[in-house]
Amino acid sequence: MTKIQNLLSSRRKENVSSQPQSVAADQSQSPVRHIAIIMDGNGRWATRRHLPRLAGHKAGVSALRRVVECAADENIEMLSVYAFSTENWHRPRIEVDGLMRLFWETIRSDLEKLHRDGVRLRHLGRLYDLAPDIQQAVRESMDLTKDNKRIGLNVCFNYGGRAELVDAVRQIIADGRQPETISEEMISSYLYTRDLPDPDLVIRTAGEMRVSNFLIWQSAYSEYYATPTLWPDFGREDLLEAVQSFQQRSRKFGRVLPTSV
Ligand code: FPP
């Protein structure tokens, strides 16, 4: 094992023994309002078990249920999850169809409980490119849960950061906005995420270190956290570890901190 790996592994062990079972108490110090997650590794999880890839995505839905509950318990205001990217259309037809069906079935099966639990659902992405029954299920779920306050769950489905910017620019031009009226705030107000806080923390599972076109405008100053855990295995402990890592960082937003002058 290398020195760095050794250090990380001993830190990990320390964390396990000293790690608080809840981060809620620390939320006043360095609050995490919004966590965005790139849920990666479903395919590998399935392949390791000699299962079809779709079994990995189904296990991914179970992980998502766990994480939403844990995040709500920890007073995290909002989660955004990357469930289907604009690039995922290029996957084999059987997987794309499976993911579409899984999305629709999950809304149908989980909506009532999510609503009871105070989850406000939002869809981020190009809804108009999805099948009419999915569009309808998404609209119904957003309408039913729109007044819920416990936690926001933004499902990025048929989402791409570049596509989002293209959609924004098209709308800005269609609205006849003049060049001098363009500002960062104005562009933000044309994104799918208008009215939502930017993510404080972006988590990516399965050991990958890429942004993959996820919330590229909104995560300009987010903290990144990568874990080797495959998404279907991700749970409460992993979420708390990510939050704990976030709480140990100093966010500078391009400035110099008073302590470092
Ligand atoms: C990436 O893992 C994961 C996806 C492209 C889909 C994520 C979908 C879910 C977690 C379930 C569906 C969600 C809802 C809301 C119904 P991968 O397939 O690229 O994994 P790999 O890199 O190991 O192949």
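Predicted model, so just to flag it, every value in this text is computed and none were measured. (Residues numbered from 1 in each chain as written. Predicted model: local features only at pLDDT ≥ 70, side-chain atom pairs only at ≥ 80, totals over all residues.)

## Concerning the environment of Asp233
Piece 1. Turning to its location among the elements, Asp233 is positioned in the loop between β6 (223–226) and α8 (236–247).
Piece 2. On the neighbour-count criterion, Asp233 (15 C-beta atoms within 10 Å) is partly exposed.
Piece 3. Separated by 171 residues in sequence, Asp233 and Ser62 have C-alpha atoms that sit 9.4 Å apart. (Helix = DSSP H or I, 4+ residues; strand = E, 2+ residues; numbered from the N terminus. Buried ≥ 20, exposed ≤ 12 C-beta atoms within 10 Å, placed from the backbone.)

## Section: the site of the ligand
Piece 1. Taken together, 18 residues lie near the ligand, and Asn42, Gly43, Arg44, Gly60 and Ala83 sit nearest.
Piece 2. Elements that contribute at least two residues to the shell around the ligand include exactly α2 (42–48), α3 (53–73) and α4 (93–116).
Piece 3. Top element by residues in the shell around the ligand is α3. It accounts for four residues.
Piece 4. For the shell around the ligand, the residue count by class is nine nonpolar, seven polar and two charged. (Near = placed C-beta within 6 Å. Nonpolar A, V, L, I, M, F, W, Y, C, P; charged D, E, K, R; others polar.)

## A short note on the sheet that holds strand β1 (residues 34–38)
Piece 1. Read across the sheet, six strands follow the order β3-β4-β2-β1-β5-β6 without closing on themselves; strand pairing throughout is parallel. Taken across any chain shown, the strands that pair with only one partner, and hence form the sheet edges, are β3 (119–124) and β6. Neighbour to neighbour, the strand axes of the sheet diverge by 20 degrees on average, direction disregarded.
Piece 2. Pairing of β1 with strand β2 (residues 78–85), which is carried by five bridges, proceeds in the parallel orientation. In the strand pairing of β2, His34 is matched with Met78.
Piece 3. Against the sheet, α3 makes contact with β1, β2, β3 and β4 (151–159), and its axis sits at roughly 145 degrees relative to β4, the strand it touches most.
Piece 4. Relative to the sheet, α8 contacts β5 (201–204) and β6, its axis offset from that of β6 by approximately 140 degrees. (Pairing = 2+ DSSP bridges. Axes fitted to C-alpha atoms, helices over the stretch in contact; angles between N-to-C directions. Contact = placed C-beta atoms within 7 Å.)

## Overview of the confidence of the model for the protein chain
Piece 1. For the protein chain, mean pLDDT is 90; residues scoring 70 or higher make up 88% of the total.
Piece 2. When the criterion is pLDDT under 50, residues 1–20 qualifies, and its contacts beyond four places in sequence or with other chains add up to seven contacts. (pLDDT = per-residue confidence, 0-100.)

## Structural notes on the packing of α4 against helix α5 (residues 132–145)
Piece 1. The N-to-C vectors of α4 and α5 enclose an angle of 20 degrees; their axes lie 10 Å apart at closest approach. Considering their axes alone, α4 and α5 lie roughly parallel with respect to each other. Crossing angle aside, the handedness with which α4 passes α5 is left-handed. Contacts between α4 and α5 pair Met100, Phe103, Trp104, Ile107, Arg108, Leu111, Leu114 and His115 from the former with Asp133, Ile134, Ala137, Val138, Ser141, Leu144 and Thr145 from the latter.
Piece 2. In terms of residue class, the contact of α4 with α5 is made up of ten nonpolar, three polar and two charged. (Parallel < 35°, antiparallel > 145°, perpendicular 65-115°, else oblique. Left-handed = near helix turned anticlockwise from the far one by under 90°.)

## With respect to the UniProt feature "active site" (unreviewed entry) in the protein chain
Piece 1. Look at the UniProt record and you will see "active site" (unreviewed entry) annotated at Asp40 and Asn88. These annotated residues cover 49 residues of sequence, and their C-alpha atoms all fall within 12.4 Å of one another, placing them together at a single site.
Piece 2. Looking at the element boundaries, Asp40 is found in the loop between β1 and α2.
Piece 3. With sequence-adjacent residues up to four places away left out, Asp40 is seen in contact with Arg204, Thr205, Ala206, Glu208 and Trp231.
Piece 4. Topologically, Asn88 is positioned in the loop between β2 and α4. (UniProt positions renumbered as here; feature names shortened; annotations may be inferred.)

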